[in-house]
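Architecture at a glance
The residues making up each chain are set out below.
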Amino acid sequence: METVSENACFGGVQGVYTHASKATSCDMTFGLFLPPQMKDGKVPVLWYLSGLTCTHENAMTKAGAQTWAAEVGMAVVFPDTSPRGEGVADDEAYDLGQGAGFYVNATQDPWAAHFQMWDYVTEDLPSAITDAFPVDADRQAITGHSMGGHGALTIAIAMPARFASVSAFSPICNPTGSDWGQKQLNAYLGREEAGWRAHDSSLMMKESGFDGPVLVDTGTDDQFIELLRPETLSEAMAACRQQGAFRMQPGYDHSYFFVASFMEEHVAFHAEALGLI
C-alpha cells in the first residue's frame with residue numbers, strides 16, 4: 001500500500017492510495033475517506049462504485065459524500081472502475097476497456113488477464129482496506145452511479161449477508177436488454193447469454209430480491225434513460241415486494257449535479273441501516 005495523497009477533510013482524512021492487486025494483476029488506485037470518528041475505533045464503510053469513463057477521483061471530488069459521511073461517522077471507499085496501465089487491454093470506445101470494467105470477471109481475451117473487477121471490488125480491495133485502515137468489515141453498505149449503480153445492485157443482491165443496504169443513482173438496470181450491457185457482457189463474458197443474468201439487477205431482483213432496504217433515484221431528464229431502462233427495475237422491485245423506494249426525480253439529468261443533490265439522503269439511508277442514526 002502506497003500513499004498518493006492525504007488531505008484533512010471535514011475533520012477526517014481524504015486519502016488516495018495505490019496497491020498491487022492480485023485480482024487485476026496490476027497496480028490499482030482508490031480513494032478512501034475516513035471520518036473523524038475513526039479516532040475512537042473502527043467505523044462502518046460505504047462503497048461508492050463509479051460509472052463509465054470515471055476513475056476513483058470523479059465521485060471523490062464531485063459527489064459530496066464526505067460532508068454527510070463525516071456527520072454520521074462513516075468511511076467511504078471510491079474504487080477505480082477498471083484496471084489500468086501498460087499491458088492492460090483497452091478499446092477506442094469510451095464504453096469498453098479501461099474506465100468501463102462493468103464490475104464483472106472477464107472470461108474472454110484480451111480482457112480476462114486483468115479485468116477481474118468483481119473479485120477486485122468484493123475480495124481484493126476489501127481485504128487490503130480492512131488490513132490497513134480502521135474500518136469495520138462487519139458493517140458495510142454499497143452505492144453507485146450509472147455503471148456503478150449496476151455494480152452496486154448486482155453485488156449487493158449476490159452478497160446480501162455482507163451489505164446492510166444498497167442504493168443507486170441512475171443505475172444501468174437491465175444490461176442484458178440494453179446497448180449499455182449487451183456490448184460489454186458479450187465482450188467480457190462471451191456470447192452465452194445465460195452467464196449474463198448474474199449481472200442484471202432487474203433479473204436478479206425479480207428472482208430473489210435483496211435482504212435489506214433499497215433506494216434508487218433516477219432523473220426524469222436523464223439523457224441516457226433509454227439505455228438505463230429504469231422501468232425494468234421498478235417492475236422487478238414491485239414483483240418481489242422489495243423493501244425500499246424507487247424514485248424518478250423530476251428535472252434531473254445523469255450528471256454529478258444530480259448525484260450531489262441526493263447524496264445527503266443516500267448517506268442518511270445507509271447510516272440508518274447501519275445503526276448510526
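Just above sits the structure.
Residues numbered from 1 in each chain as written. Predicted model: local features only at pLDDT ≥ 70, side-chain atom pairs only at ≥ 80, totals over all residues. Heavy atoms only, no water.

Topic: the overall build of the protein chain
Quick note on the threshold: The numbering of helices and of strands both runs from the N terminus, where a helix is a DSSP run of H or I of at least 4 residues and a strand a run of E of at least 2. Three labels apply to residues, based on accessible area from a 1.4 Å probe with only protein chains included: buried if under 20% of the type maximum, exposed if over 50%, partly exposed otherwise in between. Residue burial considers only the protein chains on display, and all accessible areas are found by Shrake-Rupley using a 1.4 Å probe.
Scanning the protein chain from N- to C-terminus turns up nine helices and nine strands. Expressed along its principal axes, the backbone C-alpha trace of the protein chain runs to roughly 50 × 45 × 35 Å. Of all 277 residues assigned to the protein chain, the portion counted as buried reaches 57%. Within the structure as shown, the protein chain displays about 11100 Å² of accessible surface, and the carbon and sulfur contribution to it stands at 47%.

Some words on the packing of helix H3 (residues 117-132) against helix H4 (residues 147-158)
Applied cut-off: Fitting a line to C-alpha atoms yields each axis, with helices limited to the stretch in contact; the angle taken between N-to-C directions then spans 0 to 180 degrees. Orientation categories follow fixed angle ranges, with anything under 35 degrees roughly parallel, anything over 145 roughly antiparallel, 65 to 115 roughly perpendicular, and all other angles oblique. We call a crossing left-handed when the near helix sits turned anticlockwise from the far one by less than a right angle, and right-handed when that turn is clockwise. The contact criterion used is simple: two residues touch if any of their non-hydrogen atoms lie within 4.5 Å.
Viewed as axis vectors pointing N to C, H3 and H4 meet at an angle of 60 degrees, and their least axial separation amounts to 12 Å. As the angle between them shows, H3 and H4 are arranged oblique. In this structure, H3 crosses over H4, and the sense of that crossing is right-handed. Contacts between H3 and H4 involve Trp118, Val121 and Thr122 from the former and Thr154, Ile155 and Ala158 from the latter.

With respect to the pattern of salt bridges
Where we set the bar: The term salt bridge refers to a side-chain nitrogen of Lys or Arg lying within 4 Å of a carboxyl oxygen of Asp or Glu.
For the structure on display, the rule yields five salt bridges. Across the pair Arg197 and Glu207 runs a salt bridge whose closest N-O atoms are separated by 2.5 Å. Taken together, the residues Arg197 in the loop between helix H5 (179-189) and helix H6 (201-208) and Glu207 in helix H6 connect sequence positions ten residues apart. The partly exposed category is assigned to Arg197, whose relative accessible area is 39%. A salt bridge links Arg247 to Glu265; its shortest N-O distance comes to 2.9 Å. Here Glu265 lies in helix H9 (residues 256-273) and Arg247 lies in strand E9 (residues 244-249), a separation of 18 residues in the sequence. Salt bridges linked by common partners bring Asp217, Arg247 and Glu265 together as one network.

Re the environment of Ile129
Tracing the backbone through its elements, the reader meets Ile129 in helix H3. By relative accessible area, Ile129 is classed as buried at 1%. If we skip the residues at most four places from it in the chain, Ile129 touches Phe30, Trp47, Val77 and Val135.

Digging into the sheet that holds strand E1 (residues 2-9)
The strands that make up a sheet pair up through hydrogen bonds in the backbone, lying either parallel or antiparallel. What counts, and what does not: Note on pairing: DSSP must find at least two bridges between two strands before they are called paired.
Strand order across the open sheet formed by nine strands is E1-E2-E3-E5-E4-E6-E7-E8-E9, with mixed pairing between neighbours. Each having just a single partner strand, E1 and E9 make up the two edges of the open sheet. For this sheet, the mean angle separating the axes of adjacent strands, direction not counted, is 20 degrees. Where E1 and strand E2 (residues 12-21) come together, seven bridges link them in antiparallel fashion. Following the sheet pairing, Glu6 is matched in E2 by Gly15. Contacts from helix H8 (residues 230-239) reach strand E8 (214-219) and E9, with the element oriented near 155 degrees to E9.

Regarding the side chain of Asp124
Rules: By the counting scheme adopted, Arg and Lys are positive, Glu and Asp are negative, and His together with the chain ends is not counted. Whenever a nitrogen or oxygen atom comes within 3.5 Å of another N or O atom, the pair is scored as a polar contact, on the condition that within protein one atom can donate a hydrogen and the other can accept it, and that pairs from neighbouring residues in sequence are kept only if both atoms are in side chains.
As for its placement among the helices and strands, Asp124 is situated in helix H3. There is no salt bridge for the buried Asp124, and the closest opposite charge comes from Lys22, which lies 6.9 Å off by N-O distance. A distance of 3.0 Å separates the side chain of Asp124 from the backbone nitrogen of Lys22, its partner in a polar contact. Excluding residues within four positions of it along the chain, Asp124 makes contact with His19, Ser21, Lys22, Ala23 and Asp119.

Side note on the pairing of strand E4 (residues 43-49)
Most of E4 sits out of view: seven of its seven residues are buried. Bridge analysis of E4 against strand E6 (residues 135-144) gives six bridges, and the strand direction is parallel. In the sheet register, Trp47 faces E6, and the bridge partner there is Ile142. Examined bridge by bridge, E4 and strand E5 (residues 75-79) share three bridges and lie parallel to one another. By the bridge assignment for E5, Val45 is matched with Ala75.

What about the environment of Arg247?
Judged by its relative accessible area of 24%, Arg247 is partly exposed. Sequence separation between Arg247 and Leu215 is 32 residues; the distance between their C-alpha atoms is 7.9 Å. Excluding residues within four positions of it along the chain, Arg247 makes contact with Leu215, Val216, Asp217, Thr218, Phe262 and Glu265. Within the local environment of Arg247, its side chain forms a polar contact with the side chain of Asp217, the two groups lying 2.7 Å apart. A distance of 2.9 Å separates a polar atom in the side chain of Arg247 from a polar atom in the side chain of Glu265.

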